[in-house]
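Below, each chain spelled out in residue letters.
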Amino acid sequence: MDGQSQSVSAPVLVLLGPPGAGKGTQARLLQERFGLVQLSTGDLLRGAVARGTEAGRAARKVMDAGGLVSDEIVLAVLGERLDQPDVSDGVILDGFPRTEAQAEALDGVLAQRGMKVGAAVALTVDDTAMVERISGRHAFAACGEGFHDSFKPPAAPGVCDACGGTELTRRSDDKAETVAARLEAYRAQTAPLIEHFARRGVLLRVDAMRPIDDVALSLGGIVRALEN
Ligand code: AP5
């Protein structure tokens, strides 16, 4: 790990990492354990797509091609979510920021709400793991709970632990060719943000090749440090 975290009253944790690094998995665990709110711009955009909003229609084609949705749309959906009262106890930014422009905008967006980034965690993984993790990922349609064919199977095969549903879904952007484009977008536009947060003195690195619970322990330690 490098850099030093800054204490803030409401913790704001940024999770950085390529597709399949485990950002969503870890953000959900932190939400359960610490009461922080997971703010996934991917989930917010998928919600807009499902509702058929103007932003959702614009985002859909870009997401299915594995590119990055415009900063304008992403900042609008994120700002709307940050205006809801439940975020006041702290947030995990999962998949945001992803471009230099988003990173620059983040400080202002948070400052307007009396918040600031306490730590930015780069989840580090090998390329081979990313493909394996994404190709085995699935969720249950009724509740959206996420699983993995090998790494996080449901207790009873084909039945959701959370809701008991049996209808499986896989993300439309988890096809091999789209994953390659997402990885390319990550390398070109998002990986440079690791240096951005290092310059701010808030960067930490966590080895995300370890089992889910081990990664969660490391992240839990970081959140506890932010809360003190
Ligand atoms: P988004 O939804 O953010 O997808 P992503 O960044 O590609 O990340 P993933 O959700 O694929 O992976 P993850 O790191 O969350 O891994 P997970 O925990 O699921 O974005 C989708 C699209 O929306 C983008 O391509 C873009 O178009 C758009 N978008 C979103 N935000 C944007 C922004 N800010 N700007 C512009 N466009 C934006 O884990 C994967 C699997 O691995 C799971 O099955 C899990 O069980 C398993 N797993 C997790 N951790 C481990 C572990 N340690 N060991 C073994 N298995 C593990």
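Not measured: the values here are computed from a predicted model. (Residues numbered from 1 in each chain as written. Predicted model: local features only at pLDDT ≥ 70, side-chain atom pairs only at ≥ 80, totals over all residues. Heavy atoms only, no water.)

J.: Go over the layout of surface pockets, please, and point to the residues and values.
T.: Taken as a whole, the second largest pocket encloses approximately 260 Å³ of empty space. What lines the second largest pocket is Arg46, Val49, Ala50, Arg60, Met63, Asp64, Arg170, Arg171, Ser172 and Asp173. When residues of the lining of the second largest pocket are traced back to their parent elements, those giving at least two are helix H2 (41-51) and helix H3 (54-64). When its residues are assigned to classes, the lining of the second largest pocket shows three nonpolar, one polar and six charged. (1 Å grid on protein atoms, 1.4 Å probe; cavity = no way out; pocket = protein on both sides within 12 Å on 5 of 7 lines; lining within 4 Å. Points joined across faces, edges and corners; volume = space filled by probe spheres on them. Helix = DSSP H or I, 4+ residues; strand = E, 2+ residues; numbered from the N terminus. Nonpolar A, V, L, I, M, F, W, Y, C, P; charged D, E, K, R; others polar.)

J.: Any chance you could break down the sheet that holds strand E2 (residues 37-40) for me, citing the residues and the numbers?
T.: On the basis of which strands lie adjacent, the open sheet formed by five strands has the order E2-E3-E1-E4-E8 and parallel pairing. The sheet is open, and its two borders are formed by E2 and strand E8 (203-207), each paired with just one other strand. Across the sheet, the mean angle from the axis of one strand to that of its neighbour is 25 degrees, orientation sign disregarded. When strand E4 (residues 119-124) meets E8, the two strands line up parallel, connected through five bridges. Looking across to E8, one finds that leucine 123 is bridged to valine 206. (Pairing = 2+ DSSP bridges. Axes fitted to C-alpha atoms, helices over the stretch in contact; angles between N-to-C directions.)

J.: Hey, could you go over the sheet that holds strand E5 (residues 137-140) for me, with residue numbers and the actual values?
T.: Read across the sheet, three strands follow the order E6-E5-E7 without closing on themselves; strand pairing throughout is antiparallel. With partners counted over all chains shown, the strands left at the sheet margins are strand E6 (146-148) and strand E7 (168-169), one partner each. Note: E5 against E6, three bridges, orientation antiparallel. Looking at E6, one finds that histidine 138 is bridged to phenylalanine 147.

J.: Explain the environment of aspartate 173 to me, and be specific about the residues and the numbers.
T.: With respect to the element layout, aspartate 173 can be found in the loop between E7 and helix H7 (176-190). Of the residues examined, aspartate 173 reaches a relative accessible area of 8% and is grouped as buried. The residues contacting aspartate 173, other than those within four sequence positions of it, are Met63, Thr178, Val179 and Arg182. Looking at aspartate 173, its side chain comes within polar contact range of the side chain of arginine 171, at 3.0 Å. (Buried < 20%, exposed > 50% of the residue type's maximum accessible area, 1.4 Å probe, protein only. Contact = heavy atoms within 4.5 Å. Polar contact = N/O pair within 3.5 Å; in protein donor to acceptor, adjacent residues only side chain to side chain.)

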